[in-house]
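One letter stands for each residue in the lines below.
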Amino acid sequence: IRTGGVWLFYAFSISGARDLFVYFVFFVCCTLSNPDEDPCRRIYCGRGRQCVLMAETGRAECVCQEKCRASFVPVCGSDGRFYENHCEVYRTACLERRRIYVVHSKECFFKVNACTMSEYNKLKSMLLDMQPKVLKTGEQNQQRDMEEKRALVDTMFKYLDVNEDSRLVSDELERISMKEHLEDSLLQCTMQDLLRYDDYNNDGHLSLHEFYTAFQVVQLTLAEDQRISVSTVTVGLSAVLTCAIQGTLRPPIIWKRNGIILNFLDLEDINDFGDDGSLYITKVTTIHMGNYSCHAYGYEDLYQTHVLQVNVPPVILVYPETQAQEPGVSASLHCHADGIPNPKLLWLKNGIDLQPRSSKQLSLIANGSELFIGSVRYEDTGAYTCIAKNEVGVDEDISSLFVEDSAKKTPVLLLCLPGLSVGNMFYVFSEEGITVLQPGECEIRRHMKWTERIVATYEEMCPKGEGVSPQRCMWSSAVNIRDKYIYVAQPLLSRLLIVDIQAQKVVQVGAVATDPFPVKMLYDKSHDQVWVLTWGDMDRTHPTLQVILQASVGEVHRAVRTTFQRVNDFFIPPTNLIITHVRFAFVFLKNEPAVHKIDLETFHRVKTISLKNYSCVPVSMAYTHLSGFYFIQCQSEGHLQAPPQLLVDSVTDTVIGPNLNITGQPFVSPDGRYIVTPDQRSSKLIVQTVSFQGDLGLNQEMDEPIAVSDLVFQPSFTESNQHVVVATSGSGTDLLFADLSSGHTEVLRSLKEPLTAQAWPWGGPNRVVVSSGLFGQYLVTPSAESLFVLNGKQRTPHCEVSDIKRGNTIVWVGEV
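Residues numbered from 1 in each chain as written. Predicted model: local features only at pLDDT ≥ 70, side-chain atom pairs only at ≥ 80, totals over all residues. Heavy atoms only, no water.

Looking at an unreviewed UniProt entry, the protein chain carries the name Follistatin-like 4, with the source organism given as Echeneis naucrates. Here the protein chain is described in UniProt, under the heading Subcellular location (unreviewed entry), as follows: "Secreted". (UniProt positions renumbered as here; feature names shortened; annotations may be inferred.)

Okay, here's the thing in structure tokens:
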């Protein structure tokens, strides 16, 4: 009972009149109404309706619900319509002012569209399961599974296509549904929904192609004539490799180089894979040449190979730039050009084509690499231009020849005479000091004895150390710094001396203190730095790696210690006419199966390339800029036989795998085209080649065995862009000449015994061989007590210089 805004509740016992006990409960449920309270809080409107405060009357009234909360719980109404949820059923009933209630008959669901994508996938899975299965044998993969699935879908399509017109229409799908009693399955979808979802062109039927799409059947094709694609790009430009694999539902394209997947690597120059699956290479260099393959993810058996060749315009160099000759003598003008493809050479004189074939006076040697004038005359004076051409460019340089009697030669011409320059000399560091040798005349131009004083310091060049008797110089390594200075290490004195080439003296700023026992140096021409490996002591207990900055600048230098400890060795890739800049070096740590890539500018470690999976502790490295292969000589972690060399791809910094079954130290020719390895087991030279398409192949094995101590490459004097290998024996008196193009070998014998390995404790070869530059024909190699000069062009001994003991540290100083 409500009275005065208060609800009163009464409870009475009706158990009988005599019962005098009466229960009376008085409960105040609500106090007087709050005028600020929402009136709708006290009104219940029922399902499908909501309370609204009417603006006209100010009273709360129930009206039909404006909207329902979004939720998908599909139901059917008694009106035969499909609703997204219960709320929509009652809201509609309110709006239409009629009674509608929820029904649960499955016919309602088939009358309306309740087929969600999830239910549709269930229907397709059920249809596939109904097909007869092929017995699976052997290991399965995604491609074989897809082939089986395609066979099932083909069978299903033929079964559904009653009239065999290669298309499925609504009547055929409905007929099959009734025949197979699919309507009895507890699914929300019917066969008719195949048309709803997968009739992409809305033409009222399903083609086989649309049926494949419906059942996720991947169809991949690659035209036979596109299985191998060859692309050629000029260095410095960009390249786009497009995968020709096409088909329905093609998965993402995967790209590989040397078996390494590229898509998931954070590469500096291969960094965009495009929506069409193309591979983009920005600023192509010679390391990018080689084979790339593409395939759809999960379908590796169908792949396309892209062969990328990188062309390089010619870079030319002539020698000498200027020369003066007297009438009647011979003169040679040399021209060397690097490029891809190999450049062709031609000569002009004063801008006019030379015709050497019609002249007895002129002859071209080694495809134009040398212009030879048999007996010069006054009229031969002129500017001789060498021009190099290939498919992508031209380069040229001038070599000037002056013909004049010596009595009439001007001071300028006198400077051009051979032998007057401080260049084109061998600097030999031996026990007695420093010997400057002109190889052509076998003439000692300068001898700096161990007692000679360093300029302005009055300190002897080779002061007597403790326990060293008799007094002698001890050297371990030397490098040429841009033909301005020579840095040479004195391991027992823990310092480097700097020899001024122009003055032919050890200069005032020429003593650089290092950590104890500096034993190896390399010059990084790109950054003008000298890298120094020190041992700490003869047992190599505290090895360090130090760097001297601005090595060619004439000022006081100091060695900066890097952060690397336990350093066993290091490697800096060489430069040439084409590759003039290097960015990275590699460090090997003691007994560690890894190489550490370091930035030559910051000295920081960039990454570590593990070799543990191959049980390889690195001993030495070599590098070719053609396709960017690193070759790593390995020793075993234990006492087993040394494992084969490893190949590392410089594009991905990833180990490709063993280099065939080749062991030993690799040597790479200056043009990067030949890799020569002295095999430790057979003592023969194994020669591999790198093509201009980046293919690494085994070329030949030299027949002549030799226990190689050191090896250099010398340009061929009969063929352009070819090389000759010159190798010394570390245990005998032999020296080997081997033509890389023909495989022909010659051996010089009786060059006297070399230093023993025990007498040369600083690592490296105990008998070096040093060539006289790109255009030089002479080589130098020491024996224990003397020095041999060899004529590489004639492959004969040229002379022997006696009284040079332990002269195993040699540097060539040339004008080119």
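**Q** What is the right way to read the overall build of the protein chain from this model?
**A** Along the backbone of the protein chain there are eight helices and 56 strands. Buried residues in the protein chain amount to 48% of all 816 residues. Summarising the internal contacts of the protein chain: among those between residues at least 6 apart in sequence, 51% fall at separations of at least 24. In the form shown here, the protein chain has an accessible surface area of approximately 40,700 Å², with 51% of it arising from carbon and sulfur atoms. (Helix = DSSP H or I, 4+ residues; strand = E, 2+ residues; numbered from the N terminus. Buried < 20%, exposed > 50% of the residue type's maximum accessible area, 1.4 Å probe, protein only. Contact = heavy atoms within 4.5 Å. Areas by Shrake-Rupley, 256 points an atom, 1.4 Å probe, with all protein chains shown as cover.)

**Q** I tried to follow the packing of aromatic side chains on my own but got confused; where do I start?
**A** We describe a pair of aromatic rings using the distance from one ring centre to the other and the angle between the two ring planes. Counting across every chain of the model gives twelve aromatic pairs. Geometrically, the ring pair formed by Phe 429 and Trp 475 is edge-to-face, given 5.3 Å between the ring centres and 65° between the ring planes. Of the two residues, Phe 429 sits in strand β25 (residues 425-430) while Trp 475 sits in the loop between β27 (443-449) and β28 (478-481), which places them 46 residues apart along the sequence. We note that Phe 429, like Trp 475, is buried. Judged by centre distance (4.7 Å) and plane angle (65°), the rings of Phe 586 and Tyr 630 are edge-to-face. Separated by 44 residues along the polypeptide, Phe 586 in strand β37 (residues 584-589) and Tyr 630 in strand β41 (residues 629-636) bring together distant segments of the chain. Through a chain of ring-to-ring contacts, three or more aromatic side chains come together here, namely Phe 157, Phe 211 and Phe 215. The ring of Tyr 90 carries Arg 47 above its face, with NZ or CZ at 4.2 Å from the centroid. When the ring centre of Phe 584 is taken as origin, the NZ or CZ atom of Lys 597, which lies over that ring, is 4.1 Å away. (Phe/Tyr/Trp six-rings, centres within 6.5 Å; stacked < 30°, edge-to-face > 60°. Lys NZ or Arg CZ within 6 Å of the ring centre and 35° of its normal.)

**Q** Just to check I follow, could you spell out the side chain of Asp 528 for this structure?
**A** By the secondary structure assignment, Asp 528 is in the loop between β32 (518-524) and β33 (529-534). It turns out Asp 528 is buried and unbridged, and the closest side chain with the opposite charge, Arg 482, is 4.2 Å from it. Side-chain polar atoms of Asp 528 contact the side chain of Tyr 523, separated by 2.6 Å. Among residues more than four places away in sequence, those in contact with Asp 528 are Ile 481, Arg 482, Tyr 523, Ile 548, Leu 549, Gln 550, Ala 551, Ser 552 and Val 553. (Lys, Arg positive; Asp, Glu negative; His and termini not counted. Salt bridge = Lys/Arg side-chain N within 4 Å of Asp/Glu carboxyl O. Polar contact = N/O pair within 3.5 Å; in protein donor to acceptor, adjacent residues only side chain to side chain.)

**Q** Can you help me understand the nonpolar core in this one?
**A** Grouped together as the largest cluster of nonpolar side chains are 77 residues, with contacts concentrated most on Phe 211, Phe 215, Trp 255 and Ile 632. By residue number, the principal contributor to this core is helix α4 (residues 142-160), which donates six residues. Each of domain 1 (115-131 + 142-217) and domain 2 (222-311) gives at least three residues to this core. When sequence neighbours within four positions are dropped, the list of residues in contact with Ile 632 reads Val 595, Leu 611, Cys 616, Pro 618, Ser 620, Met 621, Gln 645, Leu 646 and Val 648. One finds Trp 531, Leu 533, Val 567 and Phe 603 within the second-largest nonpolar core, a separate group that totals 22 residues. (Core = buried A, V, L, I, M, F, W, Y, C linked by side-chain atoms within 4.5 Å. Domains from an automatic or database assignment.)

**Q** Sorry, what's going on with helix α5 (residues 170-179) here?
**A** Spacing of three or four residues puts side chains on the same side of an α-helix, whose turn is 3.6 residues. Taken together, the buried positions of α5 are Glu 172, Leu 173, Ile 176 and Ser 177. For α5, the buried positions fall inside an angular range of 135° around the axis, keeping them on one side. Away from the buried face of α5 by more than 90 degrees, exposed residues Asp 171, Met 178 and Lys 179 are located. Elements that come into contact with the buried residues of α5 comprise α4 and α6 (193-198). (Arc of directions from axis to C-beta.)

**Q** Quick question: what am I supposed to make of unusual backbone geometry here?
**A** Trans peptide bonds make up the majority, and among non-glycine residues the majority have a negative phi. Here the amide bond leading from Tyr 319 into Pro 320 is cis, since omega sits at -10°, within 30 degrees of zero. Tracing the backbone shows Pro 320 in the loop between β16 (299-319) and β17 (322-325). Along the chain, Ile 340 connects to Pro 341 via a cis peptide bond; the corresponding omega equals -5°. Considering the arrangement of structural elements, one finds Pro 341 in the loop between β18 (331-340) and β19 (344-349). A positive phi angle, near 55°, is found at Asp 483, a position not held by glycine. For Asp 483, the location among the structural elements is in the loop between β28 and β29 (485-490). Positive phi is not limited to glycine here, since Ser 615 has a value of about 50°. Locating Ser 615 in the fold gives a position in the loop between β39 (605-610) and β40 (616-624). Taking relative accessible area as the criterion, Ser 615 reaches 36% and is therefore assigned partly exposed.

**Q** Just checking my understanding: could you explain the pattern of salt bridges for this structure?
**A** A side chain with one charge may pair with a side chain of the opposite charge, provided their charged atoms come close. A complete count under the given rule lists 26 salt bridges for this structure. Ionic pairing is found between Lys 520 and Asp 569, a salt bridge with its closest N-O pair at 2.7 Å. In this pair, Lys 520 is assigned in strand β32 and Asp 569 in strand β36 (residues 567-571), connecting sequence segments 49 residues apart. Residue class for Asp 569 comes out buried when judged on its relative accessible area of 16%.

**Q** What exactly am I supposed to notice about empty space enclosed by the protein here?
**A** Space left empty within the atom packing is revealed by a probe, the size of a water molecule, rolled over the atoms. Tallying each qualifying case throughout the model produces five cavities of 30 Å³ or more. For the largest cavity, the lining is made up of 21 residues, of which Cys 335, His 336, Ser 369, Pro 715 and Ser 716 are closest to its centre. No other element matches β18, which puts four residues into the lining of the largest cavity. The class makeup of the residues in the lining of the largest cavity is ten nonpolar, nine polar and two charged. (1 Å grid on protein atoms, 1.4 Å probe; cavity = no way out; pocket = protein on both sides within 12 Å on 5 of 7 lines; lining within 4 Å. Points joined across faces, edges and corners; volume = space filled by probe spheres on them. Nonpolar A, V, L, I, M, F, W, Y, C, P; charged D, E, K, R; others polar.)

**Q** Explain α4 here, please?
**A** In a regular helix each residue adds 1.5 Å, so 19 residues correspond to 27 Å; α4 covers 27 Å between its end C-alpha atoms and thus fits that length. Gln 143, Met 146, Glu 148, Leu 152, Val 153, Met 156, Phe 157 and Leu 160 are the residues of α4 that are buried. Packing partners of the buried residues in α4 comprise α3 (117-129), α5, α7 (208-214) and β16. (Expected span 1.5 Å × (residues − 1).)

**Q** Would you mind going over the environment of Leu 279 with me for this structure?
**A** With respect to the secondary-structure elements, Leu 279 resides in strand β14 (residues 279-281). Taking the C-alpha atoms as reference, Leu 279 lies 9.5 Å from Tyr 292; in sequence the two are 13 residues apart.

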